[in-house]
Amino acid sequence: MYCEIQTLEITKDAVKADVIDLDEVLLNGWDKDFNAATSQMVFPLESRGARVYLYKICRSNKKTAECSTMEEMVNIALAPGTIINISSNFMVKE
């Protein structure tokens, strides 16, 4: 899903990002308020698959080429204001 990163929080257990679901706004509701289409994405760091996926989406951003740590890559690739395509599998279901 295409989303715009609003906030980013990195802890020792997870990477969490509050996002605007742009697919919801642009494809399903032109009249929808951006704030009504917010969701949270969570990448649990104990999951190998989530860590690998996070690495891949970070490495796809050319700005991360010189990064030496995952934390540095995540802070650059998922910086607030960034528009990115992320699997909806990481969206927190309400």
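Structure's up top.
These notes cover the structure that comes with them. (Residues numbered from 1 in each chain as written. Predicted model: local features only at pLDDT ≥ 70, side-chain atom pairs only at ≥ 80, totals over all residues. Heavy atoms only, no water.)

### Here we look at helix α2 (residues 48-59)
How we decide: Here a strand is any run of E in DSSP of at least two residues, a helix any run of H or I of at least four, and the numbering for each starts at the N terminus. Multiply 1.5 Å by the residue count of a helix minus one, and that product is the helix's expected span. The rule is simple: take the accessible area with a 1.4 Å probe, protein chains only, and divide by the maximum for that residue type; under 20% is buried, over 50% is exposed, in between is partly exposed. Arc definition: it is the arc formed by the directions from the helix axis to the C-beta atoms. Note on contacts: a residue pair is in contact if any heavy atoms of the two residues lie within 4.5 Å.
For α2, which comprises 12 residues, the first-to-last C-alpha distance of 16 Å matches the rise-based estimate of 16 Å (1.5 Å per residue) to within 8%. All of the buried residues along α2 are Ala50, Leu54, Ile57 and Cys58. The arc enclosing the buried residues of α2, seen along the axis, measures out at 100 degrees, which places them on a common side. Away from its buried face by more than 90 degrees, α2 exposes Arg48 and Lys56. Residues of α2 that are buried in the fold lie against β2 (14-21), β3 (38-44), α3 (70-77) and β4 (83-85).

### Re the sheet that holds β3
The following threshold applies: At least two bridges found by DSSP between two strands is the condition for calling them paired. To get an axis, fit a line to the C-alpha atoms, keeping to the stretch in contact for a helix; angles then go from 0 to 180 degrees between the N-to-C directions.
Reading across the sheet, the four strands line up as β3-β2-β1-β4 and stay open at both edges, with antiparallel pairing between neighbours. The open sheet is flanked by β3 and β4, the only strands paired with a single partner. For this sheet, the mean angle separating the axes of adjacent strands, direction not counted, is 45 degrees. The sheet contact formed by strand β1 (residues 2-10) and β4 spans three bridges and is antiparallel. Bridged to Cys3 within β4 is Ile84. Across the sheet, α2 lies against β2, β3 and β4, angled at about 115 degrees from β3, the strand it touches most. Along the sheet, α3 contacts β1, β2 and β4; its crossing angle with β1, the most-contacted strand, is approximately 140 degrees.

### Concerning the nonpolar core
Just so we agree on the cut-off: By nonpolar core is meant a set of buried Ala, Val, Leu, Ile, Met, Phe, Trp, Tyr and Cys residues that side-chain atoms within 4.5 Å join together.
By size, the foremost hydrophobic cluster in this structure holds 20 residues, and its most contacted members are Phe43, Leu78 and Ile86. Top element by residues in this core is α2. It accounts for four residues. Not counting chain neighbours up to four residues away, the residues in contact with Ile86 comprise Met1, Cys3, Ile5, Met41, Phe43, Tyr53, Ile57 and Leu78.

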